Amino acid sequence: MAGMEIEFKFHVPAQRLKAVEAAMRRGRVVRTRLQARYFDTEDQALAAQGIVLRLRKEGPRWVQTVKATGDNALHRLEHNVDLGAAAAGGVAPAIDPQRHQGTPVGERLAQVLAASGAPLVERQSTDIVRLTRDVRTTGAGTAVVELALDVGKVIAHAGTPDERESPVCELELELKRGGVQGLVALARRWSQQHGLWFSTVSKAERGARLLAKVDAVPAVKAEAPRFAEEKEKPGGRAIQQAVVASCLAQMLPNASEIAAGSTDEEQIHQLRIGIRRLRTALRELAGLDPRTGLFNGAEWEPPLVEAFRSLGALRDREQVVKLAQPQLREAGAPEFDPLAGDDAAAEAPSPGEVVRAPAFQSVLVSLIGFTAATAGEAAPQAEAAAGQPASAPAPLDAAVARRLLRKRLQRLHRQAVRDGRRFESLSAEDQHRTRKRLKRLRYLAEFAAPLFAADADDDKEKPAAERYLKRLRPAQDALGEFNNEAVALALYREATARDARAWFAVGWFSARHAADAKACRKALGRIAKAPRFWKKNN
């Protein structure tokens, strides 16, 4: 059986398991023991390409499965082959990639194995007890969704002195029939009622970490949106979905790690960048499809703002001190800790608490669903959310969408140049607004770059967006340093109430303010001459 699997996967905290299991048993459930073996090459060629090859005993039958990442957070390519009942003695059938021949995911599997040239080996195994139940949704969208509660373990190096295990406790919601919006509504309800959080860590990934003996993984950084390779250029809604998917591709893995307890500074930093990019997308791309209720700001804005501020409150202060202390020491400042006795740090929620917050998880679920929904099924719910009539305007076609993007880019560009000319005379609030606008200009330019680069006839023209973004960087750096010193000044001024030695820093940063503002004005002034890649007659 081949197809595209659409599902949500949530981590179930141990203290919530009994309640989730009780909720599962309010309907007819089926209990199955799943014993799986996962295969890859020694150099993990499949894992590197987001492919999972599995042989699993499902009750009395063996099933071979290959999965691969799809085009968004919900989609996965999948092909299953039923190998029949288990043989006497429990001997497992041999793994055979050829069983998936002739399917899209099978072709991808074959290509990766051919390029690697290495034989398949068993990498890890799982032993899971699964409870499944089908639920029919109504209201926001009619759908049949399979709920699957998995409890068990992932095992690496089985039968050796180096055997390691990782517990599994997760709830999967897979769309069987109907629209994505029904799946989204059910996912939101279960995650809110039981305090679940969206997880990007698959059982195969858990096993890979056990094999590599790693407890922490690198932070995921931003990548450009991927627009579908079609003859027709993407219209307004397709642009919205691709850009939001790009933002979520950065946010979700980092959020998943933080929710599970990671306090890695870079993961927190990259999640905050992802939130900034997402807020820019939801703000600047709203007009591309007037029917998209998620872009009206009422639902998504407060939770995203709260998460961004909460994640940054402590980190920003610590980073500023880390940068400021060496400069102050060189200037002869007395040694002391400006954060000593700071009650803000003690009262701040942990990064994990911020990400696990129901409101933040609800926004993630809604946006993930938006990237997976078709325009036809998403429009009625989006219109209702935005309070719009059924006759709301249709999404912009490709040509009109690109004209709107040009206008948005041009407006932000002009504002940056205008604010740059008078930066020194702006209020502190307007100076900060200038920095935020510059960030929005940068992110919107990154989002739009693939749309305009695709029109270039000459390869020499393709880096036009890169050249423009490169011209923005000195201004970004100058305004970033200016903002850091403004935060430092406020922090040390606050610290004077606890320690008089902080006055040295207050005076030092105050004396630098005028020169730093002048540097920002000059850096912003250079943007005026930057070649605008969107100005071509596309």
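Residues numbered from 1 in each chain as written. Predicted model: local features only at pLDDT ≥ 70, side-chain atom pairs only at ≥ 80, totals over all residues. Heavy atoms only, no water.

Okay, the packing of aromatic side chains next. Within this structure, the stated rule accounts for eleven aromatic pairs. Taking 6.2 Å as the distance between ring centres and 85 degrees as the angle between the ring planes, the aromatic pair formed by F10 and F198 counts as edge-to-face. Residue F10 is located in strand 1 (residues 2-11), and its partner F198 is located in strand 9 (residues 197-198); the two are separated by 188 residues in the primary sequence. Look at F10 and you get buried, because its relative accessible area is 0%. Between F336 and Y492, the ring centres sit 6.2 Å apart and the planes meet at 70 degrees, which makes this aromatic pair edge-to-face. A residue pair is termed long-range when its members are at least 10 positions apart, and F336 in the loop between helix 8 (301-330) and helix 9 (343-347) and Y492 in helix 15 (residues 464-495) qualify at 156 residues. Note on accessibility: F336 and Y492 belong to one class, buried. Pairwise contacts between aromatic rings join F336, Y492, W508 and F509 into one cluster. Over the ring of F308 we find R272, and its NZ or CZ is 4.0 Å from the ring centre. In this structure, R356 packs its charged tip against the face of W197, placed 5.5 Å from the ring centre. (Phe/Tyr/Trp six-rings, centres within 6.5 Å; stacked < 30°, edge-to-face > 60°. Helix = DSSP H or I, 4+ residues; strand = E, 2+ residues; numbered from the N terminus. Buried < 20%, exposed > 50% of the residue type's maximum accessible area, 1.4 Å probe, protein only. Lys NZ or Arg CZ within 6 Å of the ring centre and 35° of its normal.)

All right, on to the environment of Q44 then. Within the secondary structure layout, Q44 lies in the loop between strand 2 (30-40) and helix 2 (45-48). When its relative accessible area of 27% is taken as the criterion, Q44 is described as partly exposed. Along the backbone, Q44 and V121 are 77 residues apart, and their C-alpha atoms lie at a distance of 9.7 Å. If sequence neighbours within four positions are ignored, Q44 has contacts with R123 and A208. (Contact = heavy atoms within 4.5 Å.)

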